[in-house]
Every structure is written in C-alpha cells, then in structure tokens.
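# Structural characterization, general
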Amino acid sequence: MPIRLLLAAVLAALPFAVPAQEAAAAEGASDPAGLQILPAEGVEIDEFLWVNRVLVVFADTPADPRFIEQMKLITERPRDLLEREVVVVVDTAPKDRSAVRKELRPRGFALVLVDKDGGVKLRKPLPWSTREIARSIDKTPLRRDEIRSRSGSIGQ
C-alpha cells in the first residue's frame, strides 16, 4: 500500500473529525491555506531551506500509539504550526530508507524539528502538543528575528 494511502487511512481512523483540507494534505496535496502533511517518500529537507520549518514525525509503523497521538495533536491545532510556516513530513516506513530518515537517523518514534536554516532544533522521543512545539520554535533566534521584523514593519 503506498504511504500516502496508508497515511490517509491512519488519519481517517483517528477518533476525531479531520477537516477535508487536512485530509487532502495528508494525501500529499498542496493547499496553501492549510497545513501540509507530506509523506517522506521523495522529500528532501533541503527543499525547504529558508522557506519552511520542517516537523518530521517518525515511527516504525503507522500503528504506533505515539505516532497516532502525535498526528492527533497536530491535526487538532494546526494553526500553531501554520503561523510558524511549518510543513509536517511523516515517515512510518523504516525499510524504505527515505532521504529524510537517512539524514536524521531516528530510532523508533521520534519528533524532529528542522528550522529554516537546516539546523535540527528539537528531537523528542514522545509526542508533543503543537503549543509546546510552537513555544520551542518561538525561542529560536530565526523566529525572534521574524517576529521583530513583522512588528517593526507594522508602524512603517
């Protein structure tokens, strides 16, 4: 079963309603108004340099309870990630050895945040809420510069 269909099936099975926009993103669709959730297959972190932050969710199987919980947390509050220009990449197929998996080398479940500059800013072995992820992003120098430049340009 292709990873996109598997991811869409996992998201559909979660015990909450997934808006159609997010379901389309889970299938790899590109919707600029919504959070992009992409399968790791064919994705390279360098594609997002200086454009997006990348939140990678790794698991050994889509049935991993930690993976299911993390995806639930992400889809319940996508705005926290959208405001910080985050793209979510999902890799639940360790045997496929995606480029993302080769670069970040997770063991089992892992949540990895890669900033716009390509640096890894966060590695967690357990699910995190989008509020916690957002707070972590907001502490980075790059995000602080973004906030400063936005607030400085408002009065000009």
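Computed from a predicted model, the values in this text were never measured in an experiment.

In terms of helices and strands, the chain carries 7 helices and 5 strands. For the chain, the α and β elements follow one another from N to C terminus as α-α-β-β-α-α-β-α-β-β-α-α. Taking all 156 residues of the chain together, 46% fall into the buried category. With an accessible surface of roughly 8,300 Å², the chain has 52% of that area assigned to carbon and sulfur atoms.

What follows deals with a negative patch on the surface. A surface patch of like charges, here negative, comprises Glu44, Asp46, Glu47 and Glu103. Position of Asp46 relative to the elements: it lies in the loop between strand 1 (37–39) and strand 2 (53–58). Look at Asp46 and you get exposed, because its relative accessible area is 53%.

It is worth spelling out the nonpolar core at this point. One finds Leu55, Val57, Phe67, Met71, Ile74, Leu81 and Val88 to be the most contacted residues of the largest nonpolar core, which totals 18 residues. For this core, the secondary-structure elements that each account for two or more residues are strand 2, helix 3 (65–76), strand 3 (86–91), strand 4 (110–114) and helix 6 (130–138). Residues Val43, Val89, Leu104 and Val114 belong to the second largest nonpolar core, which totals 15 residues.

This brings us to the confidence of the model for the chain. Regions with low pLDDT should not have their predicted coordinates read in detail. Of all residues in the chain, 76% have pLDDT values of 70 or greater, and the mean over the chain is 84. Contacts for the low-pLDDT stretch residues 15–27, under 50 throughout, to residues beyond four places or in other chains number 21 contacts. In this model residues 29–33 is a low-confidence stretch, pLDDT under 50, and it forms 5 contacts with partners more than four residues away in sequence or in other chains.

This part is about the pattern of salt bridges. By the definition in use, this model includes 14 salt bridges. A salt bridge links Glu85 to Lys116, with the shortest nitrogen-to-oxygen separation between them at 2.1 Å. With Glu85 in the loop between helix 4 (79–82) and strand 3 and Lys116 in the loop between strand 4 and strand 5 (120–124), the pair connects residues that are 31 residues apart, well separated along the chain. Residue Lys116 pairs with Glu146 through a salt bridge whose shortest N-O separation is 2.8 Å. You can see Lys116 sitting in the loop between strand 4 and strand 5 and its partner Glu146 sitting in helix 7 (residues 141–154), a full 30 residues away along the chain. One continuous salt-bridge network, built from bridges that share partners, spans Arg53, Glu83, Arg84, Glu85, Asp115, Lys116, Asp138, Arg143 and Glu146.

How each quantity is defined
- Residues numbered from 1 in each chain as written.
- Predicted model: local features only at pLDDT ≥ 70, side-chain atom pairs only at ≥ 80, totals over all residues.
- Heavy atoms only, no water.
- Helix = DSSP H or I, 4+ residues; strand = E, 2+ residues; numbered from the N terminus.
- Buried < 20%, exposed > 50% of the residue type's maximum accessible area, 1.4 Å probe, protein only.
- Areas by Shrake-Rupley, 256 points an atom, 1.4 Å probe, with all protein chains shown as cover.
- Patch = residues over 30% accessible without salt bridge, like charges linked within 9 Å, V, L, I, M, F, W, Y side chains within 5 Å.
- Salt bridge = Lys/Arg side-chain N within 4 Å of Asp/Glu carboxyl O.
- Lys, Arg positive; Asp, Glu negative; His and termini not counted.
- Charge placed at Lys NZ, Arg CZ, Asp CG, Glu CD.
- Core = buried A, V, L, I, M, F, W, Y, C linked by side-chain atoms within 4.5 Å.
- pLDDT = per-residue confidence, 0-100.
- Contact = heavy atoms within 4.5 Å.

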